[in-house]
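Analysis of the macromolecular model
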Amino acid sequence: MKTCFISGITGQDGAYLARLLLDKGYTVHGGFRRISQAETVRLDKLGILSDVQLHEFDLADANNIFRTIGKVQAHEFYNLAAQSFVGASWEVPVYTSDVNAMGVLRILDSLRTLAPETRFYQASTSEMFGQVAEVPQRESTPFLPRSPYGVSKVFGHFITRNYRESFGMHASSGILFNHESPLRGTEFVTRKITLALARLARGGSEPCVLGNLDAKRDWGFAGDYVEGMWRMLQQDTPGDYVLATGVSLTVRDFANFVAEALGMKLDWNGVGIVEYAIDRKSGKRVIEVSERFFRPAEVDLLLGDPSKAAKVLGWKPRVSVQQLAEMMARADYEDLG
Ligand code: NDP
Ligand code: GDP
């Protein structure tokens, strides 16, 4: 029986990965941060809170990481912990860099000393492609990050590769494009839309206030993506893999899918900062735009090419972006009932 450690187990991906690995018979250990109230709601929602073994774990604390790695001696270590919100990374750039960049090095160096045979997964991101050098983006596409988050993740990516090349460690990076679910944090645009529109569908009147509606993302379902992470660590040789759907849509397109799933039909008016959407049936103002949600630098277009993952890992996403929007809208609508 295998043992794994998941940092960031209380997050969206951590919860789905924990469920997948429990189903596969793993003993699942996970790291959570010491905060005033333990945030285990996602593990609870998936019904696995009592099945995982939780350890206090903070990427900012090298000694804590060292001790935890020595204690657990996992076969596989998935580093999913991060300050993961791009928007916040301009407000807390030093913290973001410490956790997302140095945190990876702290883990790798502890593994090198205490558990060099442990297989390691690093949660890299399409945000590293930033002002994209080519379309679609693949493993060989150069990184041109556009946020402190993206910059910090480039360090995490390269230090993972460096430890693989320097010390022969089984260390892999998944360059994952945006993936969402009903467990997604409410600050991310997809969940922000599904929650706000579900409230409107339940009789509310507050419009959803967004930023750049023209940004294009390649959105998939988190449950599909954790399967890809696991497959990377089952390979004989470590490597880097893009996980994506190969379909890119605007924020506006995603909002249209959500509206449709909730029985609305959006009519769009105006352009830029004065754009808004009205539900044709109820006449309610559903979407507005505010400068508040624009970013100092934007990643305009992300579109991934997952053909290496398909070929080597046999991985492919099962849920389309429209099905994803429906799944998330339905979950929020039901939760509000
Ligand atoms: P979440 O924000 O849902 O989860 C992040 C996790 O990291 C949470 O458990 C959080 O704990 C934990 N964490 C934050 N700071 C620290 C710290 N200092 N020490 C220890 N733990 C910490 O993110 P996702 O699950 O969506 O993403 C998982 C990983 O994948 C992240 O690294 C993210 O950057 C990356 N990624 C995500 C993509 C996506 O679209 N979802 C795309 C590409 C990469 P707490 O609950 O206490 O905040
Ligand atoms: P990201 O790709 O990791 O930054 O994921 P987000 O869900 O935070 O943002 C996706 C895209 O939606 C970005 O281009 C944002 O600029 C855009 N966006 C537009 N309005 C909003 C908003 O109100 N909140 C967030 N989070 N993003 C928004």
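Just above, that's the structure.
Notes on the structure follow. Only a predicted model underlies this, so the values are computations on that prediction, with no experimental measurement involved.

A word on the packing of helix α1 (residues 12-23) against helix α7 (residues 222-233). Taken N-terminus to C-terminus, the directions of α1 and α7 make an angle of 65°; their axes are 9 Å apart at the nearest point. By crossing handedness, the relation of α1 to α7 is classed as right-handed. Contacts from Gln12, Asp13, Tyr16, Leu17, Leu20 and Leu21 in α1 reach Ala222, Gly223, Val226, Glu227, Met229 and Trp230 in α7.

Close to ligand 2 lie 18 residues; Lys192, Gly211, Arg217, Arg295 and Glu298 are nearest. Between an oxygen atom of ligand 2 and a side-chain N or O atom of Glu127, the distance comes to 3.0 Å. In the environment of ligand 2, an oxygen atom lies 2.8 Å from a nitrogen or oxygen atom belonging to the side chain of Arg217. When the free accessible area of ligand 2 is taken as 530 Å², the share hidden by the protein chains comes to 97%. Residue assignment for the shell around ligand 2 shows that the elements contributing at least two residues are α6 (189-201) and β8 (208-210). Residue classes in the shell around ligand 2 are distributed as 9 nonpolar, 3 polar and 6 charged.

Within this structure, the stated rule accounts for 13 aromatic pairs. Relative to Phe120, the ring of Phe77 lies with its centre 6.0 Å away and its plane at 35°, an arrangement referred to as tilted. In this pair, Phe77 is assigned in strand β4 (residues 76-79) and Phe120 in strand β5 (residues 119-125), connecting sequence segments 43 residues apart. In this pair, the class of Phe77 matches that of Phe120, namely buried. A ring pair is formed by Tyr78 and Tyr121, whose centres lie 6.1 Å apart and whose planes are at 40°; its orientation type is tilted. Here Tyr121 lies in strand β5 and Tyr78 lies in strand β4, a separation of 43 residues in the sequence. Across this residue pair, the class does not change: Tyr78 and Tyr121 are buried. An aromatic cluster of three or more residues is present, and its members are Phe5, Phe57, Phe77 and Phe120. Looking at Lys24, its charged tip hangs above the ring of Trp230, at a distance of 3.8 Å from the centre.

Now for the pattern of salt bridges. Oppositely charged side chains can pair when the atoms bearing their charge come close. Per the stated rule, a full pass over the model turns up 19 salt bridges. The partner of Asp214 in a salt bridge is Arg252, and the shortest N-O contact between them spans 2.9 Å. With Asp214 in the loop between β8 and β9 (216-217) and Arg252 in helix α8 (residues 251-261), this pair connects stretches of sequence that are 38 residues apart. Across the salt bridge formed by Arg280 and Asp267, the nearest N and O atoms sit 2.9 Å from each other. Here Arg280 is found in the loop between β14 (276-279) and β15 (285-289), whereas its partner Asp267 is found in strand β13 (residues 266-269), with 13 residues between them in sequence. A relative accessible area of 53% places Arg280 in the exposed class. For Asp267, a relative accessible area of 26% gives the class partly exposed. Three or more residues joined by partner-sharing salt bridges are found here, namely Arg161, Arg164, Glu165 and Asp240.

Parameters at a glance
Residues numbered from 1 in each chain as written. Chains lettered and ligands numbered in written order. Predicted model: local features only at pLDDT ≥ 70, side-chain atom pairs only at ≥ 80, totals over all residues. Heavy atoms only, no water. Axes fitted to C-alpha atoms, helices over the stretch in contact; angles between N-to-C directions. Helix = DSSP H or I, 4+ residues; strand = E, 2+ residues; numbered from the N terminus. Left-handed = near helix turned anticlockwise from the far one by under 90°. Contact = heavy atoms within 4.5 Å. Near = heavy atom within 4 Å. Polar contact = N/O pair within 3.5 Å; in protein donor to acceptor, adjacent residues only side chain to side chain. Areas by Shrake-Rupley, 256 points an atom, 1.4 Å probe, with all protein chains shown as cover. Nonpolar A, V, L, I, M, F, W, Y, C, P; charged D, E, K, R; others polar. Phe/Tyr/Trp six-rings, centres within 6.5 Å; stacked < 30°, edge-to-face > 60°. Buried < 20%, exposed > 50% of the residue type's maximum accessible area, 1.4 Å probe, protein only. Lys NZ or Arg CZ within 6 Å of the ring centre and 35° of its normal. Salt bridge = Lys/Arg side-chain N within 4 Å of Asp/Glu carboxyl O.

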